[in-house]
Amino acid sequence: MLAAAECTGFQSRPEPSQADQTTPRVLTILSSVLEKLVARNDRLMEGPSQPLEGPINGTSSGSAARTGKSLNAFHGVRAPSISIAKYLERLYKYSSCSPSCFVVGYVYIDRLLHKYPDSLVASINIHRLLVTSVMVASKMLDDVHYNNAFYARVGGVSNAELNRLEIELLFLLDFGVVVSSRVFEIYCLHLEKETLMNVSCQKIEKVLALSAVDDVTEISVEDTHSSSPPQIVD
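Residues numbered from 1 in each chain as written. Predicted model: local features only at pLDDT ≥ 70, side-chain atom pairs only at ≥ 80, totals over all residues. Heavy atoms only, no water.

(A) A look at unusual backbone geometry. Unusually for a residue other than glycine, Asp174 sits at a positive phi of about 55°. Within the fold, Asp174 resides in the loop between helix H6 (159-172) and helix H7 (181-196). A relative accessible area of 52% means that Asp174 is categorised as exposed. Of note in the backbone geometry, Phe175 takes a positive phi value of approximately 60° without being a glycine. Mapped onto the elements, Phe175 comes out in the loop between H6 and H7. For Phe175, a relative accessible area of 48% gives the class partly exposed. (Helix = DSSP H or I, 4+ residues; strand = E, 2+ residues; numbered from the N terminus. Buried < 20%, exposed > 50% of the residue type's maximum accessible area, 1.4 Å probe, protein only.)

(B) Up close: the environment of Arg128. Mapped onto the secondary structure, Arg128 falls in helix H4 (residues 126-141). Counting along the chain gives 38 residues from Arg128 to Glu166, while the straight-line C-alpha distance between them is 9.9 Å.

(C) Up close: the pattern of salt bridges. Scanning all chains against the criterion turns up six salt bridges. In this structure, Glu89 and Lys86 form a salt bridge, with 3.9 Å as the shortest nitrogen-oxygen distance. Note that Glu89 and Lys86 are positioned in helix H2 (residues 84-95) at a spacing of three residues, about one turn of the helix. Residue class for Glu89 comes out partly exposed when judged on its relative accessible area of 30%. For the salt bridge of Lys139 with Glu166, the shortest nitrogen-to-oxygen distance reads 2.7 Å. One end of the pair, Lys139, is in helix H4; the other, Glu166, is in helix H6, with 27 residues separating them in the sequence. Per residue, the accessibility class of Lys139 equals that of Glu166, and both read buried. Linked by salt bridges that have partners in common, Arg128, Glu161 and Arg164 make up one network. (Salt bridge = Lys/Arg side-chain N within 4 Å of Asp/Glu carboxyl O.)

(D) The arrangement of H2 in detail. Between its first and last C-alpha atoms H2 spans 16 Å; for twelve residues at 1.5 Å apiece the expected length is 16 Å, and the two agree. Taken together, the buried residues of H2 touch helix H1 (25-46), helix H3 (100-115), H4 and helix H5 (148-155). Directly beyond the C-terminal end of H2, a positive phi value near 60° is found at Ser96. (Expected span 1.5 Å × (residues − 1). Contact = heavy atoms within 4.5 Å.)

(E) Spotlight on a nonpolar patch on the surface. On the surface, Ile167, Phe171 and Phe175 cluster together into a nonpolar patch covering about 340 Å² of accessible area. One can find Phe171 in helix H6. (Patch = residues over 30% accessible without salt bridge, like charges linked within 9 Å, V, L, I, M, F, W, Y side chains within 5 Å. Areas by Shrake-Rupley, 256 points an atom, 1.4 Å probe, with all protein chains shown as cover.)

Listed below in structure tokens is the structure:
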């Protein structure tokens, strides 16, 4: 894959558009998968040791109450109030990245879980993982994309924090951010299979499409271990 050149001219708020804002099916499927994973891991962190179900994010029962140290940089003090589904919609709505970026971002997160099986993706870190992984995926996939400062505003974190999280993600992945078309298709099929297990079959859009931008609204993703709060979208 070719990495797209970073576009540095998008730091101000874009003008609203009347284009169609229909949420791609992939975001609905992905949010459902991640919400189930996060809910399970939150229970493991709060309750007594329990065996994990399924192949993703497997750990031994003795580590059920821990999140591991590998993802500490992505941890907030507490979970943001915005849901995963709404957060994904927000990223898509304002970043103008292609739907494929969300699949590739999911690949990055899954690679982290396989590389660091002692770490859990939970409500205290999923939002920061998502905004960072989708931003990196956009740089890999899209010819034109917003810069880090804009993603920080959309994601509800400071520019300095997002810069740090991007570097952290790249090193955790050993800079393994290339996703082949074969791997991409495998993950699409996996997400479609997850849908078949719960609802009727709905295919994921595999055609790259740009999103329109509407008015920006505030979110609460400000909780962090740092003493100063990050910049929030105004």
